[in-house]
Amino acid sequence: MNIRHFALSLILAGNLITSNAWSEIPSGPEAGTKGIFGPVLSWPIIPIHVTLLPNGNVLSFGSTIRGTQGGFVNAVWDPSLGTEASAHIVTPNAIHTDTFCAGQTVLSATGETLVAGGDATINGKRNYSVADANFFDTSNNLLTPGTPMAFKRWYPSLIPLNNGDVLVLGGRDEKDLPTYASTPELFATGTGFRSLTNAVSEQAYGAKFGSWRYPRGFLAPNGKVFILGHNGKTFWLDPSENGSVTNSNLNAPTAEWSHPSVMYAPGKILAVRNNKKAIVVDINSATVTMKPVADVNAIRKWSNTTILADGKVFLSGGSDVGNQLIGVSYDTEIWDPATEQWTITASAVTPRLYHSNALLMPDGTVLTGGGGAPGPLKNMNTEIYYPPYLYNNDGSGTPAIRPAIDSAPENLVWNQTFEVGFTSSTPISRVTMVRTGSATHSTNFDQRFIELPFTLTEGVSNSITVTGPTDRNNTPPGFYMLFIFDQNGVPAISKIVHLQD
Ligand SMILES: [Cu+2]
């Protein structure tokens, strides 16, 4: 069966997100060990902000169609239509908010993307802040304004919580005599924003140490939010009632805010810190622990960490000197949670620096892209990374035949078992779920990974019975890519499922 036939059979299986990118999957001698990048793909804008939408499309925004600063359009890519210009829709941003350097996350309750904060130009001067909150709707690919936040925010983080609410942290409030939005706000679908007036902190997400710049917050197994400060100070934020914030016991190594971190397993955060250092922070108990792991192979300012379908972490982009073409990391690295080691993987051809991005796609590839505004390059382009798991493990570098998901639920609740029908020439070896991502500025607010136990469905061939997620803190409400793997570790194209009450 050749690749084109395989893509066709996936389409015939129905109810699946197919990817034309898959029908054009590149191959190469090292693809089975290092993965491989596809060609540079032109993009309608610089994708400064990227979000995987519940329908499998990618929303990007943040630059003009000339690749300059200014978020006045939305660019939507439909991967099922391929990678040519015709696969992209650009819609006007008619809401008069410049969404450049806002924060964004998909709301579980509605599937809309909340875009909070952004930029304003006043008297010809850029980088003032706005309090605007807008909602991107996949039915018309447009933004609709909502009731604004209490505070203006430029560079805020949006942290999804265990009940579907979104915590908004940080951002700059006033530019000229600078003030910072040191009061968190909580967004709830239906009721809007409210301020956590008892959780004001200049240290955690305000003026001190530049902590207002996209604070790194993670919903923890205890339901609170753990904040890993750029300067190494760490905090617990309890979002209940009027909120409260306390210091955590941990002092971590410092990291410029161009360094990424990711919760790669429940309560476990891999964080890249200054001077190539990497640490694992464990927030599974009230006493936070930390251990150093292997160094990354290069200083990668403005790199991105992306959870792959198999739970490994993909590190892409960056350079030795922030946003300069000095010591550019064209190559990539994959961190394996089992060994806690990095392996150097395939090289891209385009530097990915400030305002660059990476996003796991439903087909298990990683969309890398962007960079610029300002930058040494104006990257109105992306490159798709095809991880080693998509290739035969025999040294040939040829694409593997993938298993396929034939049936799976659209909706899930916690503590639910469910059946997945599949086609595979070898037994199913793993089932995983990865939350759809929202990335910008070397942070990704949404991604989560969980491994799911399963058994063969009794009396039914080509079906497994999966024990679904059990914990709303480790798997908060939202949209997840459900992957199954065959005996060779090759993942199927995922099905996006909605985990929600
Ligand atoms: Cu920015």
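Residues numbered from 1 in each chain as written. Predicted model: local features only at pLDDT ≥ 70, side-chain atom pairs only at ≥ 80, totals over all residues. Heavy atoms only, no water.

Colleague: Run through the sheet that holds strand β6 (residues 103-106), naming residues and quoting values.
Modeller: Spatial strand order, β6-β7-β10-β11: 4 strands in an open sheet with antiparallel pairing. Every interior strand has two partners, whereas the edge strands, β6 and β11 (142-145), have only one. With direction set aside, neighbouring strand axes in the sheet form an average angle of 25°. (Pairing = 2+ DSSP bridges. Helix = DSSP H or I, 4+ residues; strand = E, 2+ residues; numbered from the N terminus. Axes fitted to C-alpha atoms, helices over the stretch in contact; angles between N-to-C directions.)

Colleague: Talk me through the coordination of the copper ion; I want residue IDs and the actual numbers.
Modeller: Distances from the copper ion to its protein donors, namely C101 (SG), Y155 (OH), H355 (NE2) and H441 (NE2), fall within the range 2.0 to 2.2 Å. For the copper ion, the 4 donor atoms in the first shell make angles of 91 to 125° at the metal, a pattern classed as tetrahedral. (Donors = N, O, S within 2.8 Å, 3.2 Å for Na, K, Ca; no water. Tetrahedral: all angles 85-135°; square planar, octahedral: opposite > 155°, others 65-115°.)

Colleague: Would you mind going over the nonpolar core in detail, with residue names and values included?
Modeller: In this structure, V58, W77, L270, W335 and L360 are the most contacted members of the largest nonpolar core, which totals 54 residues. By residue number, the principal contributor to this core is strand β42 (residues 478-486), which donates 4 residues. Ranked by size, the runner-up nonpolar core spans 20 residues in total, among them I428, I450, Y480 and V497. (Core = buried A, V, L, I, M, F, W, Y, C linked by side-chain atoms within 4.5 Å. Buried < 20%, exposed > 50% of the residue type's maximum accessible area, 1.4 Å probe, protein only.)

Colleague: Describe the pairing of strand β31 (residues 366-370), and please don't skip the residues or the numbers.
Modeller: For β31, a buried count of 5 out of 5 residues is recorded, marking the element as mostly surrounded by other parts of the structure. By the bridge criterion, 5 bridges tie strand β30 (residues 356-360) to β31 in an arrangement that is antiparallel. Residue pairing across strands places L360 opposite V366, the latter belonging to β31. What sits between β30 and β31 in their antiparallel hairpin is a turn of 5 residues, with G364 showing a positive phi close to 85°. Across 4 bridges, β31 lies against strand β32 (residues 381-386) in antiparallel orientation. Bridged to T368 within β32 is E383.

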